[in-house]
Structure formats: structure tokens, C-alpha cells
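Listed below are the residues making up each chain.
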Amino acid sequence: MASLLFAGYGLGLAAAVGPAGALVFAVVIFAALAGAAALWLTRFRQGPFEWILRSATYWRVQRLRR
């Protein structure tokens, strides 16, 4: 997501934002992802990719909900 904002193939905002702005942006993205993960784990036992990996490893669909 950040590469679409900062890289040349996206909006190319790397020069316009600067290092401090990029740091603030990274902290905001991290906080949003940590909050979303906390909400997800209150309802489900594991993350979606871990569920896929465990289901493939054990050759049967694992339980996802708590």
C-alpha cells in the first residue's frame, strides 16, 4: 500500500512527503494493522493465512472460529 503512494509507479509522493512524513505514515499504517489484528483475533483462533497453511498441512479444513 505504501509503495503505491511513494514509488514512481504509483503517486510518487516520496519527494513531497519527506522522511518525517513517511515515518508518520508508517506508524499510522502499523497502528491500523495492529488494531485490525486485535479485532480479528477476538473472533477467530488464527489469521487467515495461518488457517490456510494449517489446513493444507493437516489435509483437512481446520476450525477457524473460536
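Note that the structure is a prediction, hence the values are computed from the model and not measured. (Residues numbered from 1 in each chain as written. Predicted model: local features only at pLDDT ≥ 70, side-chain atom pairs only at ≥ 80, totals over all residues. Heavy atoms only, no water.)

S.K.: Can you help me understand unusual backbone geometry in this one?
M.R.: Apart from glycine, the bulk of residues carry a negative phi angle, and the bulk of peptide bonds sit in the trans form. A positive phi angle, close to 60 degrees, is found at Trp59, a residue other than glycine. With respect to the helices and strands, Trp59 occurs in the segment after helix H3 (48–58). (Helix = DSSP H or I, 4+ residues; strand = E, 2+ residues; numbered from the N terminus.)

S.K.: Teacher, can you tell me more about the pattern of salt bridges here?
M.R.: Side chains carrying opposite charge are able to pair once their charged atoms draw close together. Across all of its chains, the model carries one salt bridge by this definition. Between Glu50 and Arg54 there is a salt bridge, and its shortest N-O distance comes to 3.0 Å. With a gap of four residues between them, Glu50 and Arg54 both fall in helix H3, about one helical turn apart. On the basis of relative accessibility, which here comes to 37%, the residue Glu50 falls in the partly exposed class. (Salt bridge = Lys/Arg side-chain N within 4 Å of Asp/Glu carboxyl O. Buried < 20%, exposed > 50% of the residue type's maximum accessible area, 1.4 Å probe, protein only.)

S.K.: Quick question: what am I supposed to make of the packing of aromatic side chains here?
M.R.: The description of an aromatic ring pair uses the distance of the two centres, along with the angle that the planes make with each other. Within this structure, the stated rule accounts for two aromatic pairs. Seen in terms of ring centroids, Phe6 and Phe25 are 5.3 Å apart; in terms of plane orientation they differ by 85 degrees. Their pairing is edge-to-face. Note that Phe6 is positioned in helix H1 (residues 2–6) and Phe25 in helix H2 (residues 14–43), a separation of 19 residues in sequence. (Phe/Tyr/Trp six-rings, centres within 6.5 Å; stacked < 30°, edge-to-face > 60°.)

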